[in-house]
Every structure is written in C-alpha cells, then in structure tokens.
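Structural overview for review
One letter stands for each residue in the lines below.
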Amino acid sequence: MAMSRTSWSINALATEFQLDRRTVGKRLEGVVPVDLGPDGSPRWSMVDAAPALLNPREPRSAPTRPPPEGAEILTKIPNDVQAGFVIALLDLMTNGKPYIGGALMASGLSLEQAKRGAAHVHVALMSFADRAARNLGIPPWVQQEEPSWIPVDKIQEPDWKGLAAFAKQERAKAAPKVA
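Along each chain, residue indices are assigned from 1 in the same order as the chain's sequence is written. Two thresholds apply to this predicted model, a pLDDT of at least 70 for residue-level local features and 80 or more for giving and counting side-chain atom pairs, whereas whole-chain, interface and lining totals are computed over all residues. The side-chain quantities take in all heavy atoms of the structure and omit both hydrogens and water.

A closer look at the sheet that holds strand β1 (residues 7-8)
Two strands form a pair only when DSSP identifies at least two bridges running between them. Numbering of helices and strands starts at the N terminus; helices are DSSP runs of H or I of at least 4 residues and strands are runs of E of at least 2. Pairing within the open sheet is antiparallel, and its 3 strands lie in the order β1-β3-β2. Looking at which strands have only one partner, the edges of the open sheet turn out to be β1 and β2 (35-36). Direction of pairing for β2 relative to strand β3 (residues 42-45): antiparallel, over a ladder of 2 bridges. From the neighbouring strand, Leu36 faces β3, where its bridge partner is Pro42. Each of β1 and β3 touches helix α3 (residues 46-54); the most contacted strand, β3, lies at about 90 degrees to it. Residues are treated as being in contact if the distance between any of their heavy atoms lies within 4.5 Å. Think of each axis as a best-fit line through the C-alpha atoms, taken over the contacting stretch in the case of a helix, with angles from 0 to 180 degrees between the N-to-C directions.

Here's what the structure looks like:
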C-alpha cells in the first residue's frame with residue numbers, strides 16, 4: 001500500500017484542532033498551501049499546518065527601524081495610514097536610485113544610459129509621489145507650493161561601477177553557450 005500525504009482544508013483543520021475557522025485562517029497566514037481542493041480553495045499538509053495552529057505567532061510589533069531623516073514632519077499628519085504612505089515614499093526617494101539603475105543595466109542598457117535613465121525615473125517617481133500626497137490631501141503637502149519636503153540632499157547615489165560589473169556578469173551568465 002502506497003502512502004501519500006493528505007491535504008487539509010480550513011474546515012477540516014478547524015474540526016481536527018477544535019478551532020474556529022477564522023482562527024485557523026488567521027494562523028495559516030504565511031503558511032504555503034500544498035495544493036488546491038476541487039473547489040479551488042487552498043489545502044495544507046498537516047506537517048505544515050500543525051505548528052502554525054498549535055503555536056500561534058505573537059502579533060507583529062511595530063518596526064524598530066528609525067524613521068528617515070526629516071520624518072518629524074510626519075507628526076503633522078493626523079492619519080496613520082497617510083503617515084505610513086509618506087514614510088514609504090521618503091524611503092523610496094532616498095534609497096530608490098540604486099535599484100532603478102541596477103534594473104536598467106540588468107535590462108541591457110549601457111552604464112551611461114542607465115545613469116541618465118535612473119535620474120529621469122527617480123525624478124519622475126519623486127514628482128509622482130508629490131502629486132499623490134497632494135491628491136490624497138495629506139497635510140502639509142496640500143498647503144505647499146513646491147515639493148520642499150523631498151530630501152534631495154539625502155538621495156543615495158548608486159555605485160555605478162559596481163552595478164556595471166554586476167550587470168556584465170549577469171548578462172554573461174544568461175548568454176547562450178557556444179560549443
């Protein structure tokens with residue numbers, strides 16, 4: 001007799017562990033299902049589901065990373081969701097340029113093209129973020145004439161030589177092998 005794993009639905013796991021369906025669903029967040037049932041609903045192996053159901057995770061605490069420089073302006077934003085949006089935008093604006101440049105070089109652009117492209121994309125993203133903050137009605141951006149809140153002096157400049165070397169290596173790996 002061949003042995004095979006059985007996959008379990010939320011209902012079956014709730015019955016087996018004597019838990020509420022919603023509790024099972026919450027505890028299984030982050031656990032990858034092994035297959036789908038006939039109705040398309042996810043199913044889990046007992047080996048994967050049991051630890052999550054028996055030892056529920058502690059609620060996630062707030063991130064301990066300090067806010068970006070200039071984040072004191074966030075105290076003027078009355079809505080926590082809007083303040084979080086602004087933190088993400090500040091992080092994108094100060095740390096996004098190396099990722100943009102790396103992506104452009106990985107797509108096959110030369111070093112000079114990637115430098116110019118990254119600068120243009122970065123400015124476009126900053127302008128988009130400024131417009132989005134205004135359109136969302138996030139104070140104090142609504143009252144400002146220009147995007148003075150963008151920390152231009154803190155923007156991370158990429159290590160262009162390192163990115164170029166990395167892109168060259170990746171393209172060489174992806175190139176077809178000639179016999």
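Anyway, onward from the coordinates.
A word on α3
Those residues of α3 not exposed but buried are Ala49, Ala50, Ala52 and Leu53. Tucked into the core, α3 has its buried residues touching α1 (10-17), α2 (21-27) and β3. Under the scheme applied here, a residue whose accessible area is under 20% of the maximum for its type counts as buried, over 50% as exposed, and between as partly exposed, the area being computed with a 1.4 Å probe on protein chains only.

Describing the confidence of the model for the chain
Per-residue confidence for the chain gives a mean pLDDT of 75, with 75% of residues at or over 70. Per-element confidence in the chain ranges from a low mean pLDDT of 73 for helix α4 (residues 80-95) to a high of 91 for α1. Values of pLDDT, which run from 0 to 100, indicate the predictor's confidence residue by residue.

A short note on the pattern of salt bridges
The working definition used for a salt bridge is a side-chain nitrogen of Lys or Arg within 4 Å of a carboxyl oxygen of Asp or Glu. Applying the stated criterion to the full structure yields 2 salt bridges. With its nearest N and O atoms 3.7 Å apart, the salt bridge here joins Arg22 to Asp20. For Arg22, a relative accessible area of 67% translates into the label exposed. Taking the shortest distance from any N to any O, the salt bridge between Lys115 and Glu112 comes out at 3.8 Å. Residue Lys115 and its partner Glu112 are both found in helix α6 (residues 111-135); the two are separated by 3 residues, about one turn of the helix. Look at Lys115 and you get partly exposed, because its relative accessible area is 29%.

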